[in-house]
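# A look at the structure
Below, each chain spelled out in residue letters.
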Amino acid sequence: MSFQNILIQDKDRIQYIIINRESKLNALNQATLAELHTALTQAFSNNNVGGIIITGAGTKAFVAGADISEFAGKDVDSGRRIAYDGQSNVFDVIAGGNKPVIAAVNGFALGGGLELAMACHIRIASDNAKMGLPEVTLGLIPGYGGTQRLTQLVGRGKALEMIMTADMVTAADALALGLVNHVVTQDELLPKAEELLNKILTRAPLALAAAIRAVNDAHADGANGFDTEIEEFARCFGTKDFKEGVSAFLEKRKPEFKGK
Ligand code: COA
């Protein structure tokens, strides 16, 4: 399938999804979100893809937000649909994905851009990155999960300060807040993301998926994360990878996981 707004690049078991609207600082219009939905769904069901790195084209922006030009003239029902469709078709798909997704934040990550990064399982930022949720400057609030995921990552007080001031934070501040996992130079960004993901991809794939589900249930509506953990832990015992992992340990060799 060919895309107009995103680029897909495969490098061994890593798939890059690159938001590719550089002249608009990679702003997420509806067409881009639809392509992201398709690309993510395909990647999650493609056995050749072990994990995903999402980044933005160019050196200036990861994603400078939802495409503001598409908001003009929209009414309450449209607003509800934009947020609901965006969350369920893209942002929740990433967060609930069965494979690790890393955001390589290579510049501005604002509004929907920061929400995209926060939906990913891990965030690495380049030292020039700036992050914020400036929606209140437009008379809006974040609609792609930002009020919830920022609160989960940095706590209620800092989240409300960032959302209500609309201020951007630097990469160094984001690291101190726990909003990103690592900060590196621009040149080191993709190598660092690959290094981290390649290490993760040496681990048992079904266990990775189980870990994502259990951790997500720490904040899922109506779920008891401890119960989820018990069930996911138990299911791991039924996998071939579990037998391989334990055998490899006892035989003092590296495990060869097959995702079964
Ligand atoms: N939606 C639509 N277009 C956007 C955009 C967005 N969120 N962010 C940037 N663009 C476009 C600009 O309109 C401009 O297009 P043009 O050249 O056709 O006029 C182009 O991207 C370059 O942006 P520009 O504003 O000229 O770059 P800058 O370096 O002066 O400023 C930002 C960079 C990120 C500070 C500024 O673009 C900005 O504030 N963007 C909006 C951020 C935002 O509010 N995001 C939340 C949306 S909910």
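Scroll up to find the structure.
Every chain begins its residue count from 1, and numbering advances along the sequence as written. Residue-level local features of this predicted model are given only where pLDDT is at least 70; pairs of side-chain atoms are given and counted only at 80 or more, and the full residue set underlies all totals for whole chains, interfaces and linings. Hydrogens are left out, water is left out, and the side-chain values use all remaining heavy atoms of the structure.

A few words now on the packing of helix α1 (residues 30-45) against helix α2 (residues 76-95). With their axes 9 Å apart at the nearest point, α1 and α2 run at an angle of 30 degrees to one another. When the interaxial angle is binned, α1 and α2 end up roughly parallel. Helix-helix and strand crossings are classified by hand; for α1 and α2 the assignment is left-handed. Contacts from Gln-30, Leu-33, Leu-36, His-37, Leu-40 and Phe-44 in α1 reach Ile-82, Asn-89, Val-90, Phe-91, Val-93 and Ile-94 in α2. Any residue that is not Ala, Val, Leu, Ile, Met, Phe, Trp, Tyr, Cys, Pro, Asp, Glu, Lys or Arg is counted as polar, Gly included; the first ten are nonpolar and the last four charged. Partitioning the contact of α1 with α2 into residue classes produces 9 nonpolar, 3 polar and no charged. Note on method: axes are straight lines fitted to C-alpha atoms, helices fitted across the in-contact stretch only, with angles between N-to-C directions ranging 0 to 180 degrees. The numbering of helices and of strands both runs from the N terminus, where a helix is a DSSP run of H or I of at least 4 residues and a strand a run of E of at least 2. Small angles under 35 degrees read as roughly parallel and large ones over 145 as roughly antiparallel, with 65 to 115 read as roughly perpendicular and the rest as oblique. Left-handed describes a crossing in which the near helix is turned anticlockwise from the far one by less than a right angle; the clockwise case is right-handed. Whether two residues are in contact is decided by their heavy atoms: any pair within 4.5 Å suffices.

Right, let's get into the nonpolar core. To qualify as a nonpolar core, a set must consist of buried Ala, Val, Leu, Ile, Met, Phe, Trp, Tyr and Cys residues joined through side-chain atoms within 4.5 Å. Throughout, exposure labels follow a simple rule: accessible area from a 1.4 Å probe, protein chains only, divided by the maximum for the residue type, with under 20% read as buried, over 50% as exposed, and the rest as partly exposed. Of all hydrophobic cores here, the largest spans 46 residues; its most connected members are Ile-54, Met-131 and Leu-179. With 6 residues, α1 is the single largest residue contributor to this core. Beyond its immediate chain neighbours, meaning those up to four positions away, Ile-54 contacts Ile-17, Ile-19, Phe-62, Ile-94, Val-101, Ile-102, Ala-103, Ala-104, Leu-116 and Cys-120. In terms of nonpolar packing, the next biggest core, distinct from the first, is built from 17 residues, Ile-53, Ile-102, Leu-196 and Leu-208 among them.

A few words now on the sheet that holds strand β4 (residues 61-63). By definition, two strands form a pair when at least two bridges between them are found by DSSP. Within the open sheet, the 4 strands sit side by side as β4-β6-β8-β9. Their pairing is mixed. This sheet does not close on itself; its edge strands, each paired only once, are β4 and β9 (169-170). Where strand β8 (residues 130-132) and β9 come together, 2 bridges link them in antiparallel fashion. For Lys-130, the partnering residue across the bridge sits in β9 and is Thr-170. Sheet strands in contact with helix α3 (residues 112-119) are β4, β6 (108-110) and β8, and its direction is about 75 degrees off that of β4.

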